[in-house]
Amino acid sequence: DLGVIEYLEEEKAKGRIKFLGFSFHDEYDVFEEIINYKDWDFCQIQLNYMDTLEQAGMKGYNLTVEKNVPVVILEPIKGGLLASLPEAIDSKLKALRPDESTASWALRWVASLPNVKVVLSGMSSEDQLSDNLKTFTDFEPCSESENAAIENVAAELKARVYNGCTGCRYCMPCPAGVNIPENFSKWNRYGVYQNAGDALWQWNNQMPEAERACNCVQCGACETHCPQKISIREDLMRVTKTFGDLAK
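Residues numbered from 1 in each chain as written. Predicted model: local features only at pLDDT ≥ 70, side-chain atom pairs only at ≥ 80, totals over all residues. Heavy atoms only, no water.

## Thoughts on the layout of surface pockets
One number sums up the size of the largest pocket: a volume of about 900 Å³. The wall of the largest pocket is formed by 26 residues, among which Asp-51, Glu-54, Lys-78, Ser-185 and Asn-188 lie closest to the centre. Listed by contribution, the elements that provide at least two residues to the lining of the largest pocket are α8 (180-193) and α9 (196-206). The dominant element in the lining of the largest pocket, judged by the number of residues it contributes, is α8, at nine residues. Classifying every residue of the lining of the largest pocket by side-chain character gives eight nonpolar, 11 polar and seven charged. In this structure, the second largest pocket is lined by 17 residues; those nearest its centre are Ile-77, Gly-80, Ser-121, Gly-122 and Gln-128. (1 Å grid on protein atoms, 1.4 Å probe; cavity = no way out; pocket = protein on both sides within 12 Å on 5 of 7 lines; lining within 4 Å. Points joined across faces, edges and corners; volume = space filled by probe spheres on them. Helix = DSSP H or I, 4+ residues; strand = E, 2+ residues; numbered from the N terminus. Nonpolar A, V, L, I, M, F, W, Y, C, P; charged D, E, K, R; others polar.)

Structure follows, in structure tokens:
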């Protein structure tokens, strides 16, 4: 409505912009609407082997192939979570490539997709920079057996969730002000990755005290609406214990 696309197309015609694309952070239906709006030079999406159904996901990636729109990848290592997996799972990748980092598996998986042209990796140390350069120097795409191993790892990780909350929000609003889906989201994230540092940062920085599980008054109103039949009151007590133990 503001004429932004038209303005950018004019700038491209003048040679001030070489490639005109968009960065995406929404649901698939919105992605489809935007990518069909015009002939884009590229698009930027979040994708990693754990988030194939999130945002644009693999369905969106497949649409970029169909429309011949090159892809730039965000969050290939899921904010660092795929660089530090639980030992029992990480050991399965190490057995296949003992000299390669855990992060390299996530980078190679996404970079092996033919329509991916750029992979953006957030790095916070020189060691991470060196490891990423090693991964992409003489780049080796994932083999069929390696892709199968990654699929198995993803399935094992997803099976580690503490409960089956889908974030449908049928349980909301809570009379006591507890943000039930958000509590379970952070709890399940810890269950999957067992990354205490990440879990505590999420809890302390993104979970307002008034919305935390400890405020549950055990009224049970939420459980009458939950399509997953989750024992919400019991699990909220478990959430409180989990994060309380982590904070000790």
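Here the narrative resumes, following the displayed structure.
## Things to note about empty space enclosed by the protein
Applying the stated criterion to the full structure yields two cavities of 30 Å³ or more. Estimated volume of the largest cavity: approximately 100 Å³. Lining the largest cavity are 16 residues, with Cys-165, Cys-168, Cys-171, Cys-226 and Ile-230 positioned closest to its centre. The element best represented in the lining of the largest cavity is α8, accounting for three residues. Per-class residue counts for the lining of the largest cavity are 11 nonpolar, four polar and one charged.

## Quick notes on the pairing of strand β2 (residues 42-46)
Extensive coverage of β2 is indicated by the burial of four of its five residues. In terms of strand pairing, strand β1 (residues 21-23) meets β2 through three bridges, oriented parallel. Across the sheet, residue Ser-23 finds its bridge partner in β2, namely Gln-44. Note that the unit made of β1, helix α2 (residues 28-35) and β2 has a crossover that is right-handed. Bridge analysis of β2 against strand β3 (residues 71-74) gives four bridges, and the strand direction is parallel. The partner of Gln-46 across the bridge, within β3, is Leu-74. A crossover connection joins β2 to the parallel β3 through helix α3 (residues 57-67); in handedness this β-α-β unit is right-handed. (Buried < 20%, exposed > 50% of the residue type's maximum accessible area, 1.4 Å probe, protein only. Pairing = 2+ DSSP bridges. Right-handed = clockwise from strand over helix to strand, strands pointing away.)

## Considering the environment of Glu-151
The residue Glu-151 is located in helix α7 (residues 144-158) in this model. Of the residues examined, Glu-151 reaches a relative accessible area of 59% and is grouped as exposed. Here the alpha-carbon distance between Glu-151 and Pro-98, two residues 53 residues apart in the chain, equals 19 Å.

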